[in-house]
Amino acid sequence: MDDVADALAAIAQGAAIEGGLIELGGADRYDLRALYARLRGAPVRFAHLPLTLTRHALALAEKPLLPLLPLTAGQLSTFVNDGLADPHPAAAALLPSPRPAPRANRASPPSGPSGEALDKEFTRHARYVAGVEPTAYQKAKNRDFHAKRTLEPANALDALLLKVSRLGGLGLALADSYSGLLYRRSVVRAKLVLALALLESSAPSFAVLDAPDKGAARVFQHGAARRDGGRCHADRGAGVFARACRARAHWQA
Amino acid sequence: MSDRIVIIGAGATAVHFAATALLLGRKVLMLDVGRPAPAPALPGASLNGLKTDLDDPVRYFLGEDYGSLILPTDTSEYYGFPPSKNYVFKPLDDYAVKAKGFEPLMSFAAGGLAQAWTAGAYPFNEGELEAFPFGWAEMAPAYGEVARRIGVSGVTDDDLSQFYPAHDGLLPPIQLDAHSQFLLDDYASRREKISGKHGLYLGRSRSASLSRDHAGRKACSLSGRCLWGCPSQSIYTPSVTLQECLSHENFEYRPGVRIAHFTSDASGRVTHVAGSLIESGEEISVAVGELVLAAGALSSTRIFLESLLRAGVRHEAGGLMDNRQVLMPFVNFKRLGAAFDDRSYQYHQIAIGAPGAHPFDYVHGLVTTLTTAMAHPVAQSLPVGMRAAMGLFRNIHGALGLANINFADTRREENRIALEIGADGRSKAMLINYTPDTNEPARVKPMIKRFRGFLAALGCVAPPNMTRMRPMGASVHYAGTVPMQTEGGDFTTSSDGRCRPFKNLIFADGSTFSSLPAKNLTFTLMANSTRIARAALG
Ligand SMILES: Cc1cc2nc3c(=O)[nH]c(=O)nc-3n(C[C@H](O)[C@H](O)[C@H](O)COP(=O)(O)OP(=O)(O)OC[C@H]3O[C@@H](n4cnc5c(N)ncnc54)[C@H](O)[C@@H]3O)c2cc1C
């Protein structure tokens, strides 16, 4: 981040660059395995998932379950390509001495984020977890929580996840999915739970969190249909629930 | 002064003893720690109305210090207690308890633990009373008397009626929430097949909640606020009866008092109770005519042991009981994606009965459909990211349920309450030791399977990894340390609650229970203390 900021500052101050795309890279190159190990400060054990299979499974599930999925096939594909910067003559001029990647003991975030940073983070979390914009009251409660209780990473992995979650939408989705599957006590998950608790305790967001999806409601109609002589009422709709409902009615017939 | 009845405690047992004693024309002084309840927030609002209309709804739902917020880093049960009920469980300073194999929960509130209860009100039947020195005939009038006082709703003509005897004063049941109604309808359409296969039965719960106006209290308005504290007292709590007693000229209530022990004379008459004022710590001593210990089984036993110790007798009270509970969350696949109505009664409205070889072996399941339960504790327990979990939760919310399965317990001497004595000969802590009987796994495991199979027959899936056995003590159904026995020795009670060898010491709470059937005990606690009051004072 600091390197990019330096380069942008140099451009803003009139550094001579010729058109085209300039890719900026850091001082070191890592594969994902080495990056994890470096940030964690200890060897990491990886479990491998077959990429092609996972990508296809995600692609299949995307259509009916997109709102529920933490990660899309497209996002997963980004892992197939490396993220190395292509050499460019201007890059060396803009960034004569890129900074080395941080070590694990430097991975923990500065303690006590500012109020504004908390608001930003909370807004991102609210959008991500519930698709809503938090109110000023909810933001104030989030600040109040952080003033009374601390949510700090417990170890280097936790700190890494928090960092990843702050990289943007994909980072947050990755950190969240990883936490759900493998590290449910992570500080990222705790922050998302906090956001959820604040949103469900107050207006107007509680209403959004109470409502089932439209597609899923067809299953209820299916349930009602059983009491109605097995007739399926979901005769429209392409959602997986509606299709299941029609298939079952067909099979019953 | 000498005819004055002094009652320790103001919980479910104490207030019904007091109300009955007042009816019999006696003078009553009630001494209680008695932490007061906060006034209900916006009494006319629905649950969602609170979220919209309160100035600081997050404070109401999660607490000033976010104590009711459950984060993944916490190691609590699925649900924290709502902040409005914190006063019920606020501990007492210097009240040291060391427990092994038992997780005690005590209350020092005016009204006691039942200020936060879920109002399940089930009478024990003849078979369940077998170990007691009296039977249904003696208990039936007391159940009726209490039901008329507090209002109990339920039915007497469904599949569970064979296990729940009928008593006087039963009101019609409260309107069912949609999921409970769905389950009952589904069961009714195939009941012979389902119960024939699994040997389990589904029916309506009995609850101390009002389906119509009763004794100055309003019928349930379906505000959805049960969990947060019924604002209209439609759900009975002992504070209702305490209020009634307060309007009686023969009744005096002194909260803010912690009783430590009693003293007796050489003839075995209790003469005084001694303790201290909570605020100032000032020591007090109060003369008694009859002393009634109704401070909850654990606290009464502690006062009793402390009194014996000060009289030079080191006693350990055996026979402590509690119901083992298993929590079995389930998803009703036939209701996936169903909307739910937050304006509905929130506690268990239906129950599952599992008869055994003997009536005492009956296993009692309470089914709650979790309509207004908060999402964040459940969503975070799902093994996916929070966004996916929340998406899932929204769509399964109307399909969720929780079966709370209760098992009977019997008195075993090795389960004891004692005092830890310091070098100075004074007590330092209450010691509680509990070991489940060796046969427990053989009773519990097959029953879990039967419940899971029964729920599956109703289209509900109970994921095995989410079924949890709660620790002993968690059901908060404590009993058995000074049992009623027809021919008991010292430190047991007669059927009228009088403790041998004392002349004027009465136990009115769960300490007196001779066994502990699976059904929630509090309705029987209230009926028994009413029966004891009539038998001992009448
Ligand atoms: C969340 C929850 C749900 C429950 N749901 C149900 C249910 O659905 N059905 C059911 O049957 N049961 C239920 N119970 C159990 C029920 O609440 C108890 O069985 C019942 O409250 C016990 O009443 P008690 O009078 O024996 O004692 P307590 O309720 O413990 O009352 C003790 C009283 O004594 C006072 N006291 C204690 N020590 C002292 C002292 N040293 N000096 C002075 N005063 C003292 C306290 O202030 C209090 O007033 C539930 C309990 C909980 C916590």
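Report follows, based on the coordinates. (Residues numbered from 1 in each chain as written. Chains lettered and ligands numbered in written order. Predicted model: local features only at pLDDT ≥ 70, side-chain atom pairs only at ≥ 80, totals over all residues. Heavy atoms only, no water.)

## Focus on the overall build of chain B
Here is the rule we go by: Numbering goes from the N terminus for both helices and strands, where a helix is a DSSP run of H or I of at least four residues and a strand is a run of E of at least two. Radius of gyration means the value over C-alpha atoms here, while the globule rule gives 2.2 Å times the residue count to the 0.38 power. Remark: exposure states derive from per-residue accessible area (1.4 Å probe, protein chains only) relative to the maximum for the residue type, with buried under 20%, exposed over 50%, and partly exposed in between. Only heavy atoms enter the contact rule, under which two residues are in contact if any of them lie within 4.5 Å.
Scanning chain B for helices and strands turns up 13 helices and 20 strands. The C-alpha radius of gyration computed for chain B amounts to 23 Å, which stays within 12% of the reference 24 Å derived for 538 residues, consistent with globular compactness. For chain B, the C-alpha atoms occupy an extent of roughly 70 × 55 × 50 Å along the three principal directions. Residue burial in chain B is summarised as follows: out of 538 residues, 63% are buried. Residue pairs in contact within chain B that sit at least 24 positions apart in sequence constitute 74% of those at least 6 positions apart.

## Concerning a nonpolar patch on the surface
Note the cut-off: Patch definition: residues with relative accessible area over 30% and no salt bridge; like charges joined within 9 Å; nonpolar side chains (Val, Leu, Ile, Met, Phe, Trp, Tyr) joined within 5 Å. With residues, only the protein chains shown are counted as cover, and all accessible areas are computed by Shrake-Rupley using a 1.4 Å probe. Salt-bridge detection follows one rule: a side-chain nitrogen of Lys or Arg within 4 Å of a carboxyl oxygen of Asp or Glu.
Taken together, Val-4, Leu-8, Ile-11 and Leu-24 of chain A make up a surface patch of nonpolar side chains, about 310 Å² in accessible area. Overall, the relative accessible area of 33% leaves Leu-24 of chain A in the partly exposed class.

## Section: helix H9 (residues 169–182) of chain A
To keep things clear, this is the line we draw: A helix is expected to reach a length of 1.5 Å times the quantity of its residues less one.
Taking 1.5 Å of rise per residue, 14 residues should cover 20 Å, and H9 of chain A covers 20 Å from first to last C-alpha, within 8% of that figure. Among the residues of H9 of chain A, Gly-171, Leu-172, Ala-173, Ala-175, Asp-176, Ser-177, Ser-179 and Gly-180 of chain A are the ones counted as buried.

## Thoughts on the sheet that holds strand S10 (residues 283–287) of chain B
Residue and element names in this part refer to chain B. Put simply, the rule is: Here, any two strands with at least 2 DSSP bridges between them count as paired. Angles shown run from 0 to 180 degrees and are taken between the N-to-C directions of axes, each axis being a line fitted to C-alpha atoms and, for helices, limited to the stretch in contact.
The 3 strands are arranged S8-S9-S10 in an open sheet whose pairing can be described as antiparallel. With partners counted over all chains shown, the strands left at the sheet margins are strand S8 (257–264) and S10, one partner each. Taking the axes of each pair of neighbouring strands and ignoring which way they run, one obtains an average angle of 25° across the sheet. Sheet analysis places strand S9 (residues 270–277) next to S10, joined by 5 bridges and oriented antiparallel. Pairing of His-272 across the sheet is with Ala-287, part of S10.

## Here's the deal with the sheet that holds strand S7 (residues 251–254) of chain B
All names here are of chain B. Read from one edge of the open sheet, 5 strands run S7-S2-S1-S11-S20, paired in parallel fashion. Taken across any chain shown, the strands that pair with only one partner, and hence form the sheet edges, are S7 and strand S20 (505–507). Direction aside, neighbouring strands of the sheet carry axes that sit 20° apart on average. Direction of pairing for strand S11 (residues 290–293) relative to S20: parallel, over a ladder of 3 bridges.

## Notes on the side chain of Asn-520 of chain B
All names here are of chain B. For the record, the criterion: What qualifies as a polar contact is a pair of N or O atoms within 3.5 Å, subject to a donor-acceptor requirement within protein and to the restriction that residues adjacent in sequence count only when both atoms come from side chains.
Structurally, Asn-520 is set in the loop between S20 and helix H13 (522–537). A polar side-chain atom of Asn-520 sits 3.0 Å from a polar atom in the side chain of His-364. Sequence-distant contacts of Asn-520, that is, excluding residues within four places in its chain, are made with Gly-120, Tyr-122, Phe-124, His-364, Leu-366 and His-477.

## Looking at the packing of helix H8 (residues 156–165) of chain A against helix H10 (residues 187–200) of chain A
Residues and elements named next belong to chain A. Definition in use: Here the word oblique covers every angle except those under 35 degrees (roughly parallel), over 145 (roughly antiparallel) and from 65 to 115 (roughly perpendicular). Any residue outside Ala, Val, Leu, Ile, Met, Phe, Trp, Tyr, Cys, Pro, Asp, Glu, Lys and Arg is labelled polar, Gly included; the first ten of those are nonpolar and the last four are charged.
In the contact formed by H8 and H10, the axes pass within 8 Å of each other and the chain directions differ by 55°. Classified by the interaxial angle, the pair formed by H8 and H10 is oblique. In contact with Asp-158, Leu-161, Leu-162 and Ser-165 of H8, H10 contributes Val-187, Val-188 and Lys-191. Of the residues that constitute the contact of H8 with H10, the class distribution is 4 nonpolar, 1 polar and 2 charged.

## Observations concerning the interface of chain A and chain B
The following threshold applies: Accessible area that two parts lose when put together, evaluated with a 1.4 Å probe and summed over both, is termed the buried area.
Of the residues lining the interface, 45 residues belong to chain A; the matching set on chain B comes to 49 residues. Between chain A and chain B lies a buried interface of about 4200 Å² when both sides are counted; carbon and sulfur atoms form 58% of it. The three residues of chain A that bury the most area against chain B are Arg-185, Glu-200 and Ser-201 of chain A, which together make up 14% of that side's buried surface. Where chain A touches chain B, the interface holds 3 salt bridges. One salt bridge connects Arg-394 of chain B with Asp-213 of chain A, and the closest N-O pair in it is separated by 2.9 Å. Where chain A packs against chain B, one counts 20 residue pairs in polar contact (both at pLDDT 80 or more). Secondary-structure elements contributing two or more residues to the side of chain A that touches chain B are helix H6 (115–130), helix H7 (136–148), H9, H10, helix H11 (205–210) and helix H12 (214–227) of chain A. At 9 residues, the largest contribution of residues to the side of chain A that touches chain B is made by H10 of chain A.

## Considering the environment of Lys-85 of chain B
All names here are of chain B. For Lys-85, the location among the structural elements is in the loop between helix H3 (57–62) and helix H4 (86–89). With a relative accessible area of 6%, Lys-85 lands in the buried category. Between the alpha carbons of Lys-85 and Gln-115 there is a distance of 7.9 Å; along the sequence they are 30 residues apart. Beyond its immediate sequence surroundings of up to four residues, Lys-85 is in contact with Gln-115, Ala-116, Cys-226, Leu-227, Trp-228, Gly-229 and Tyr-347.

## Some thoughts on the packing of aromatic side chains
Given two aromatic rings, one states the distance between the centres and the angle between the planes to describe the pair. Residues and elements named next belong to chain B. As a reminder of what qualifies: Classification of ring pairs uses Phe, Tyr and Trp, with its six-membered ring standing for Trp, and accepts pairs whose centres are within 6.5 Å; under 30 degrees between planes counts as stacked, over 60 as edge-to-face, and the remaining range as tilted.
Under the counting rule described, the total for this entry stands at 22 aromatic pairs over all chains. Plain terms: the ring middles of Tyr-60 and Trp-228 are 6.4 Å apart, the flat faces sit at 40° to each other, and that makes the pair tilted. With Tyr-60 in helix H3 and Trp-228 in the loop between strand S6 (201–204) and helix H8 (238–246), this residue pair connects regions lying 168 residues apart in the sequence. Pair check on accessibility: Tyr-60 and Trp-228 agree, each one buried.

## Regarding the nonpolar core
The cut-off we apply is this: Here the nonpolar core consists of buried residues drawn from Ala, Val, Leu, Ile, Met, Phe, Trp, Tyr and Cys, with membership extended through side-chain atoms lying within 4.5 Å.
The biggest cluster of nonpolar side chains holds 61 residues, and the ones touching the most others in it are Ile-7, Phe-17, Met-30, Phe-251 and Phe-513 of chain B. When contributions to this core are tallied by element, the ones reaching two or more residues are strand S1 (5–8), helix H1 (12–23), strand S2 (28–31), helix H5 (136–150), H8, S7 and H13 of chain B. In contact with Met-30 of chain B, other than residues within four places in its own chain, are Ile-7, Gly-9, Ala-10, Ala-14, Val-15, Ala-18, Leu-242, Phe-251, Glu-252, Tyr-253 and Arg-254 of chain B. With 59 residues, the next largest nonpolar core counts Tyr-128 and Leu-209 of chain A together with Leu-336 and Leu-402 of chain B among its residues.

## Let's talk about the site of the ligand
All names here are of chain B. Threshold: Near residues are defined by distance, with any heavy atom within 4 Å of the molecule or strand qualifying the residue.
Near the ligand lie 37 residues; those nearest to it are Thr-13, Asp-32, Thr-118, Ser-299 and Thr-522. Between an oxygen atom of the ligand and a main-chain N or O atom of Ala-12, the distance comes to 3.2 Å. Contact distances for the ligand include 2.6 Å between a nitrogen atom and a side-chain N or O atom of Ser-299. Contact with the protein chains covers 94% of the free accessible surface of the ligand, which is 1000 Å². Listed by contribution, the elements that provide at least two residues to the shell around the ligand are H1, S8, helix H9 (297–310) and H13. Per-element tally for the shell around the ligand: the top contributor is S8, with 3 residues.

## Observations concerning the pattern of salt bridges
Oppositely charged side chains may form a pair once their charged atoms are brought near each other. Under the counting rule described, the total for this entry stands at 30 salt bridges over all chains. The partner of Glu-128 of chain B in a salt bridge is Lys-519 of chain B, with the nearest N and O atoms 2.7 Å apart. With a gap of 391 residues between them, Glu-128 of chain B in the loop between strand S3 (97–100) and H5 and Lys-519 of chain B in the loop between S20 and H13 connect regions that are remote in the sequence. Residue Arg-416 of chain B is joined to Glu-413 of chain B by a salt bridge in which the shortest nitrogen-to-oxygen separation is 3.8 Å. In this structure Glu-413 of chain B comes out as partly exposed when scored by relative accessible area, which is 43%. In the salt-bridge network here, residues are joined through shared partners; they are Lys-141, Asp-144 and Lys-148 of chain A together with Asp-56, Arg-59 and Glu-64 of chain B.

## A closer look at unusual backbone geometry
At the junction of Ala-203 of chain A and Pro-204 of chain A, the peptide bond is cis and its omega measures out at -5° in the coordinates. Secondary-structure assignment places Pro-204 of chain A in the loop between H10 and H11. Following Arg-500 of chain B, the chain continues to Pro-501 of chain B via a peptide bond in cis, the omega torsion being 0°. For Ala-215 of chain B, which is not a glycine, the phi torsion comes out positive at approximately 45°. Summarising the element assignment, Ala-215 of chain B is placed in the loop between S6 and H8. The phi dihedral of Val-476 of chain B falls on the positive side, at around 60°, and the residue is not glycine.

The values are spatial; any link to function lies outside them.
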